[in-house]
Amino acid sequence: MKIDLKSLNIEKVHNSFLTGEYTVKDLTEAYLGVIKEKNEVINAYLEVFYNDIDSQIEIADKMFKNGTATLMTGIPIAIKDNTLFEGHISSAGSKMLENYVATYDSFVVKKLKEEGAIILGRTNMDEFAMGSSTQTSAFGVTRNPYDITRVPGGSSGGPAAAVAGDMALASLGTETCGSVRQPASFCGLVGIKPTYGAVSRSGIIAMGSSLDQVGPMTKTVTDAEILYNTISGKDLLDSTSLTDEFKSTVEKSIFKKKIGVPRAFLNGGGINEEVLKNFEICCEKLKNAGYEIVDVVSDTMKYSLAVYYIIMPAEASTNLARYDGIRYGLSVDAPNLYDVYTKSKGKGFGKEVRRRLLLGAYILSHGFKEAYYRKALNVRDMIAKELLEIFEQVDVFITPTVPFPAFKLGEKMDDPLAMYMNDIFSAPANLTGVPAISIPSGITKEGLPLGLQITAPYLREDILFSIGKEFEKLV
Ligand code: GLN
């Protein structure tokens, strides 16, 4: 049976399951067919879970039969290689964990299983989620389905390419700074970074614990909302996950239909001309749809990237200290313990990871901690305070998601600072914990997707979804 995968979204599929137009098995097989055809070139999947697909289909079928099916039941979905799925390898794109088999399910996988989703496989990523192009993966680059000479973005390049290439209906990525939104933007998808604490981090291989969040990558805003509702919620295994009770205490401001543009911050971003033009068109469209667009002033947002590149390596070097050749992962035999440590890390970690671990150790070392780490934490607080002031004036603020479209494979790899510019507009949301979404906003002359980023106040995903659904229709 031929199913037009391009045109599908979650609700459509659910209805087709209900009417019997096709079965969960038919749909899963259609996706597996595309994976077979395309994955060798795109390299979105590192592994397809062929051995458990039949049992997952059986569970979904049963749920439809006994009336417990939800919108997510039978939906073929891809996960990222840092998301634990019991009994399966989770390597975080690294030689260090090449043979690491998860001993428990991450919270988000548990949720997907509960709803009977079909987890097709694990997808490629930058090593330990450090990167913006999926080129630091130890298992080869992933290509952008829109143009296979270009990167899909990163670090969730695999989850993005899987959906953009019709190798899954939706996927879950993770963010520390833009790793869901940036690849979504490069691959013409919707990507959301939820409020910090909205989704449990349990079972996600940690990078920067005060920044990490799991986020949906989908074709439509409604799909992102459905997936967000599936994976969010309190989890006792992550003390930073938020209870419903706490969420209900957060004051919700009245919707003003007012959108802010942080002009000075934008202009400092080194934006590509076509991206800027597209952004102005987006502003015009929102204005025509009845929104007031106003400039908002931000003195501190411009420091976000610098602050991120201090806090993240500090946290990453602490988190990744566990990969010492003894407790987890690759272990190189050596005559003494010190050599086991250094040789295992030297062999297990790639260049970008080693760069960040060294930077992190330096930042946290005696004498430098005050000068770098503490100062960065102070500036982080200042940015958060300023965002609160901005959200008193406007409902949300917007920027392009990334200052440029998908770049060529190989580009920026020898210039870490140029690579880090990918994250400039993402950083404020991760540092302050507020939610932000990237929504497809048009394509360049060369046919490359662009994204509009909307950032909302703490726990106001509802505003992102409502403006997002409206905006999606305007593009
Ligand atoms: N580009 C960011 C970085 O390299 C992405 C991190 C992330 O969100 N996982 O740190």
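Refer to the structure presented above.
The written sequence of each chain sets the order in which its residues are numbered from 1. Per-residue local features of the predicted model are confined to residues with pLDDT of at least 70, and side-chain atom pairs are confined, for both listing and counting, to 80 or more; whole-chain, interface and lining totals are unaffected and use all residues. To get the side-chain values, all heavy atoms of the structure are used, and hydrogens and water are removed first.

Caption draft 1: Here's a closer look at the nonpolar core. In terms of nonpolar packing, the biggest core is built from 135 residues, with Tyr45 and Phe128 touching the most fellow members. Runs of E in the DSSP output that reach at least two residues are strands. Runs of H or I that reach at least four are helices, and both are numbered from the N terminus. Residue contributions to this core peak at nine residues, all from helix H11 (residues 304-319). For our purposes a nonpolar core is just a set of buried Ala, Val, Leu, Ile, Met, Phe, Trp, Tyr and Cys residues, chained together by side-chain atoms within 4.5 Å. The classification of residues rests on relative accessible area computed with a 1.4 Å probe and restricted to protein chains. Under 20% of the type maximum is buried, over 50% is exposed, and intermediate values are partly exposed. Judged by nonpolar contacts, the second largest core, of eight residues, contains Ala164, Val180, Ala184 and Met217.

Caption draft 2: Here's a closer look at the pattern of salt bridges. In the sections that follow, a salt bridge refers to a side-chain nitrogen of Lys or Arg positioned within 4 Å of a carboxyl oxygen of Asp or Glu. The final tally for this structure, using the stated rule, is 21 salt bridges. For Asp244, the salt bridge identified is with Lys247, shortest N-O distance 3.9 Å. Residue Asp244 and its partner Lys247 are located together in helix H8 (residues 244-249), separated by three residues, close to a single helical turn. Residue Asp244 is classed as exposed on the basis of its relative accessible area of 57%. Note that Glu352 is salt-bridged to Arg356, the shortest N-O span being 2.8 Å. Residue Glu352 and its partner Arg356 are located together in helix H13 (residues 351-363), separated by four residues, close to a single helical turn. When sorted by exposure, Glu352 lands in the same class as Arg356, which is buried.

Caption draft 3: View of a nonpolar patch on the surface. Note that patches include only residues with greater than 30% relative accessible area and no salt bridge, and the join distances are 9 Å for like charges and 5 Å for nonpolar side chains (Val, Leu, Ile, Met, Phe, Trp, Tyr). Computed by Shrake-Rupley with a 1.4 Å probe, the accessible areas treat only the displayed protein chains as cover when residues are assessed. Side chains of Ile326, Leu337 and Tyr341 sit close together on the surface and give an oily, nonpolar patch of about 280 Å² of accessible area. Mapped onto the fold, Ile326 is located in the loop between H11 and helix H12 (337-348).

Caption draft 4: Structural view of helix H14 (residues 369-393). Along its 25 residues, H14 runs 36 Å from first to last C-alpha, staying within 8% of the 36 Å computed at 1.5 Å per residue. Three or more residues of H14 are buried, namely Tyr373, Ala376, Val379, Arg380, Ile383, Glu386, Leu387, Ile390 and Phe391. We call two residues in contact when some of their heavy atoms are within 4.5 Å. Where H14 is buried, its residues touch H11, H13, strand S9 (396-400), helix H16 (427-432) and strand S11 (449-455). To estimate the expected span of a helix, count its residues, drop one, and scale the result by 1.5 Å.

Caption draft 5: Representation of the site of the ligand in the model. One heavy atom within 4 Å of a molecule or strand makes the whole residue count as near it. In the vicinity of the ligand lie 15 residues, with Ser132, Thr176, Cys177, Ser179 and Tyr308 positioned nearest. The term polar contact refers here to a pair of N or O atoms within 3.5 Å; inside protein, the definition further demands a hydrogen-donor-capable atom paired with an acceptor-capable atom, and it admits residues adjacent in sequence only when both atoms are side-chain atoms. Contact distances for the ligand include 2.6 Å between an oxygen atom and a backbone N or O atom of Cys177. Ser179 places a polar side-chain atom, nitrogen or oxygen, 2.6 Å from an oxygen atom of the ligand. Alone, the ligand offers 290 Å² of accessible surface; in the complex the protein occludes 100% of this. Classes in brief: Ala, Val, Leu, Ile, Met, Phe, Trp, Tyr, Cys and Pro nonpolar; Asp, Glu, Lys and Arg charged; the others, Gly included, polar. Class assignment for the residues of the shell around the ligand results in six nonpolar, six polar and three charged.

Caption draft 6: Region of the structure containing unusual backbone geometry. Note the cis peptide between Gly154 and Ser155, where omega equals 5 degrees. Of note, Ser155 is situated in the loop between strand S3 (118-123) and helix H5 (157-164). With a phi angle near 70 degrees, Ala129 is a residue other than glycine that sits in the positive phi range. Of note, Ala129 is situated in the loop between S3 and H5. The phi dihedral of Thr134 falls on the positive side, at around 65 degrees, and the residue is not glycine. Turning to its location among the elements, Thr134 is positioned in the loop between S3 and H5. Classification of Thr134 as buried rests on a relative accessible area of 0%.

Caption draft 7: Representation of the packing of aromatic side chains in the model. Here the aromatic set is Phe, Tyr and Trp, taking the six-membered ring for Trp, and pairing holds for ring centres within 6.5 Å; pairs whose planes are under 30 degrees apart are stacked, those over 60 apart are edge-to-face, and all others are tilted. Scanning all chains against the criterion turns up 18 aromatic pairs. Geometrically, the ring pair formed by Phe17 and Tyr22 is edge-to-face, given 5.9 Å between the ring centres and 85 degrees between the ring planes. Given the relative accessible area of 10%, Phe17 is considered buried. Look at Tyr22 and you get buried, because its relative accessible area is 4%. Ring centres of Phe128 and Tyr323 lie 5.1 Å apart, and the angle between their planes is 45 degrees; this geometry places the pair in the tilted category. Placement of the pair is Phe128 in the loop between S3 and H5 and Tyr323 in the loop between H11 and H12, with a sequence separation of 195 residues. The class of Phe128 is buried, set by a relative accessible area of 3%. These aromatic residues form a ring-pair network of at least three members: Tyr100, Phe128, Tyr323, Tyr328 and Phe349. Sitting above the plane of the Tyr291 ring, Lys257 keeps its charged end 4.4 Å from the centroid. Two limits define a charge over a ring: the Lys NZ or Arg CZ must be within 6 Å of the ring centre, and within 35 degrees of the ring normal. Its guanidinium or amino end placed over the ring of Phe407, Lys412 lies 5.1 Å from that ring's centre, counting from NZ or CZ.

Caption draft 8: Region of the structure containing the pairing of strand S2 (residues 76-80). Burial analysis of S2 places five of its five residues in the buried class, the great majority of the element. A two-sided burial pattern is seen for S2, the buried positions comprising Pro76, Ala78 and Lys80 on one face and Ile77 and Ile79 on the other. Note on handedness: a clockwise path from strand one over the helix to strand two, with the strands aimed away from the viewer, defines a right-handed crossover. Note that the unit made of S2, helix H4 (residues 107-114) and S3 has a crossover that is right-handed. Where S2 and strand S4 (residues 170-175) come together, two bridges link them in parallel fashion. Considered in S4, the bridge of Ala78 is made with Ser171. Strands are labelled as partners when DSSP assigns at least two bridges between them.

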